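Coordinate analysis (summary)
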Amino acid sequence: MDATTVTAAADPAGSEAVERGLLLQRTLFSGPRKWVNDDLYARILRGVVRRTRSELHLEAGAVADTNTYFGRFEASYWQRWTAVTELTIRVTLESEGQVDVLVRASDIGSHVRTVDVVHHHGEGMAVLHVPVDTYTDGGALWLEFHAVDAPATVSEVEWGTTTTRSVRRAAVAICTFNRADDCAATVDSLASDPLVADLIDDLYVTDQGTDLVETREQFAHAAEEFGDRLHYLRQPNLGGAGGFSRGLYEATTPEAPGPVDVLLMDDDVRVEPETVLRLFAFAAATREPMLVGAQMLYLFNPDYLLVSGERTDLAQLMGGLDSDELALRDQSVVEEKQERRIDAEYNAWWSCVIPGEAVERVGLPMPFFFQWDDIEYGLRCRQAGMPTCTLQGAAVWHADFYWKDGDDFGQFFSQRNALTTAAIRQGIAPRDMAGNLARSVLRAIAAMQYGLAATRMRGIEAFLDGPDGAHGVADGGQAALAAIREERSAYPETVKLPVDALPAGIGVERKVGIPREDREDQVLAKRLLVQKLGRQRRGVVAIPYEDAAWWHVSLFDEAYVTDASQTGVHHRKVDPARATELKKRLAALLARFVRETPAVQERWRAAQPELTSRENWARLYGI
């Protein structure tokens with residue numbers, strides 16, 4: 001569909017509106033890279049079928065369909081959130097015989113029906129018209145192809161509609177810090193698809209590192225494609241929050257022409273360019289401005305989905321939770337289909353479209369540096385009447401989260417920013433929250449992760465010190481980052497050692513059994529007492545990362561625990577003096593938390609408008 005073709009149509013009031021075609025998605029039959037499973041795009045049901053990126057080649061008698069992750073049109077999401085009520089599907093066909101093209105549909109119960117069919121002969125284009133009207137709670141549409149009596153080729157499949165809405169600008173914002181190769185590859189992937197590259201009006205790359213993206217050949221190639229639409233920005237390291245906010249800041253200047261949608265995208269994702277098209281098309285069609293996010297497929301397990309839609313539990317300081325108990329998580333989307341529509345509370349910024357209206361209404365993100373910036377902003381927009389849709393069938397590949405070790409400097413930002421988000425967006429019950437914080441820190445102490453315990457406590461202190469504290473957000477997080485890294489260096493178990501640090505002949509101890517949830521506090525108290533009395537098991541052991549639960553590691557006097565990256569180990573050893581010091585510090589800190597939190601959370605709430613203002617961010621950028 002040529003999205004630039006326009007016609008005049010009279011509206012009910014008698015005035016003339018401009019009607020234009022809007023391309024919603026394409027049907028592709030293979031992935032952008034060889035390592036991507038073609039079954040994510042098209043299925044071979046019968047006979048001999050060859051799949052390429054843009055074409056499907058069927059021998060006589062063969063049958064294939066696109067009832068796949070990237071092959072489906074997720075009708076339920078479009079009906080729930082957009083103004084699209086009817087689709088026009090165009091399919092280019094080449095055959096000396098008959099080709100049957102069926103539009104198939106599912107419902108929330110995975111029942112399948114045919115909603116339209118064309119019996120096509122020879123070469124040309126088949127056009128099908130399909131309503132989007134019976135999918136509120138779930139269901140999708142896809143195509144099925146039958147090469148009835150001769151070989152056939154299917155190509156140039158487009159799903160479109162018409163609209164009288166004005167065109168919205170499309171901007172992409174990527175931030176990076178010393179991931180020059182990854183970032184250059186991501187930008188080049190956007191340039192690799194001419195239709196997608198042409199769709200992007202402005203591409204902002206904010207480089208906060210010292211290994212510069214502009215030195216890479218792939219980036220230079222992309223720069224030739226985008227020309228003056230590519231804006232390469234340098235600034236101090238302000239973390240992901242500062243990098244993404246810079247793109248939003250630039251795209252929503254008062255001088256910018258017309259409404260804009262800004263796609264925030266991580267520098268290290270592997271892009272499916274079609275996802276970019278789908279996100280922008282969906283955002284252009286929503287009834288009201290809203291956030292539109294892509295899902296995350298694992299990079300090391302490319303068929304697997306992280307989660308269908310995410311939510312928080314602010315009382316427990318938890319994010320990344322399933323937003324629906326029936327949502328797919330950590331499952332193959334080749335083997336499983338998500339028929340039920342899943343509504344998300346927020347979408348992480350590996351790929352998420354922010355409408356310019358959000359910045360106008362609620363401001364820019366918080367200067368959190370790292371962690372919870374996307375969650376807080378999604379919740380803030382939601383509370384202001386702009387919800388989030390995590391669009392099924394739109395995804396990027398991202399490094400699997402379970403390969404990342406949780407004992408790092410990020411725990412400081414996660415603790416501080418989660419508390420700040422809970423305080424601003426919901427409110428904190430001090431005594432209940434103090435109990436949760438105590439469990440978090442004491443479990444780290446029991447597991448001989450003394451640096452982790454100290455890092456989490458420093459995050460609590462930073463929250464209590466308020467936005468202007470020494471480890472606050474006034475400088476965008478740079479001082480806090482340096483201080484936390486320095487403090488953690490005093491704790492030996494935070495250092496990742498090479499695998500050959502494991503002593504010869506060391507035994508492996510795997511976890512056995514899982515404590516009942518209602519007895520975890522009792523188990524924790526017992527483990528801490530055993531350590532205090534020096535009655536834990538003596539002798540060094542090795543514990544695989546998968547078995548490194550706090551209640552298991554705490555059984556031993558000394559352990560080498562595999563890092564989540566599988567590239568090294570951490571040496572943990574009971575240190576009674578350090579454990580005692582940390583527990584005393586924790587007791588005093590929690591007493592302070594209960595006493596000061598009511599006033600502190602009001603300080604954070606009062607400070608947010610200034611912290612998220614254009615003026616504050618301009619100060620941090622140094623412009």
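Read on for a plain summary of the structure.

Basis of the calculations
Residues numbered from 1 in each chain as written. Predicted model: local features only at pLDDT ≥ 70, side-chain atom pairs only at ≥ 80, totals over all residues. Heavy atoms only, no water. Axes fitted to C-alpha atoms, helices over the stretch in contact; angles between N-to-C directions. Helix = DSSP H or I, 4+ residues; strand = E, 2+ residues; numbered from the N terminus. Parallel < 35°, antiparallel > 145°, perpendicular 65-115°, else oblique. Left-handed = near helix turned anticlockwise from the far one by under 90°. Contact = heavy atoms within 4.5 Å. Pairing = 2+ DSSP bridges. Buried < 20%, exposed > 50% of the residue type's maximum accessible area, 1.4 Å probe, protein only. Core = buried A, V, L, I, M, F, W, Y, C linked by side-chain atoms within 4.5 Å.

**Details of the packing of helix H5 (residues 239-251) against helix H16 (residues 614-621)**
- Taken N-terminus to C-terminus, the directions of H5 and H16 make an angle of 120°; their axes are 11 Å apart at the nearest point. When the axis of H5 is compared with that of H16, the two are oblique. Crossing angle aside, the handedness with which H5 passes H16 is left-handed. Contact with H5, carried on its side by Ala-241, Gly-242, Ser-245, Arg-246 and Tyr-249, involves Arg-614, Trp-617, Ala-618 and Tyr-621 of H16 and no other residues of that element.

**A few points about the sheet that holds strand S25 (residues 556-562)**
- On the basis of which strands lie adjacent, the open sheet formed by three strands has the order S24-S25-S26 and mixed pairing. Strands at the two margins of the open sheet, each flanked by one partner only, are strand S24 (537-543) and strand S26 (569-573). Taken pair by pair, the neighbouring strands of this sheet meet at an average axis angle of 10°, ignoring direction.
- Pairing between S25 and S26: five bridges, direction antiparallel. For Thr-562, the partnering residue across the bridge sits in S26 and is Val-569.

**Concerning H16**
- Along H16, the residues classified as buried are Asn-616, Trp-617, Ala-618, Leu-620 and Tyr-621.
- The secondary structure elements touched by the buried residues of H16 are H5 and helix H15 (576-611).

**Side note on the sheet that holds strand S6 (residues 63-65)**
- A sheet is described by the order of its strands in space; here five strands give the open sequence S3-S6-S11-S8-S9, paired in antiparallel fashion. Looking at strand neighbours, the two that pair on one side only are strand S3 (43-46) and strand S9 (112-121), the edges of this open sheet. Averaged over all pairs of adjacent strands, the angle between their axes in this sheet comes to 20°, without regard to strand direction.
- Here strand S8 (residues 98-106) pairs with strand S11 (residues 141-147) via seven bridges, running antiparallel. Looking across to S11, one finds that Asp-100 is bridged to His-146.

**Let's talk about the nonpolar core**
- Counting residues in each nonpolar core, the largest one holds 85 residues, and the members touching the most others are Val-91, Leu-141 and Leu-203.
- The leading source of residues in this core is helix H6 (residues 273-285), at eight residues.
- Discounting chain neighbours no more than four positions away, the residues touching Leu-141 are Gly-71, Arg-72, Phe-73, Ala-75, Leu-87, Val-103, Arg-104, Ala-105, Val-115, Val-130, Tyr-135 and Trp-159.
- Among the nonpolar cores identified, the runner-up in size contains 58 residues, and Leu-314, Ile-460, Leu-528 and Val-561 belong to it.

**With respect to unusual backbone geometry**
- For Gln-371, which is not a glycine, the phi torsion comes out positive at approximately 75°.
- Here Gln-371 is to be found in the loop between helix H7 (356-362) and helix H8 (373-383).
- Even without being a glycine, Met-448 presents a positive backbone phi close to 65°.
- Examined against the element boundaries, Met-448 turns out to sit in the loop between helix H10 (430-446) and helix H11 (450-465).
- The exposure class of Met-448 is buried, given its relative accessible area of 0%.

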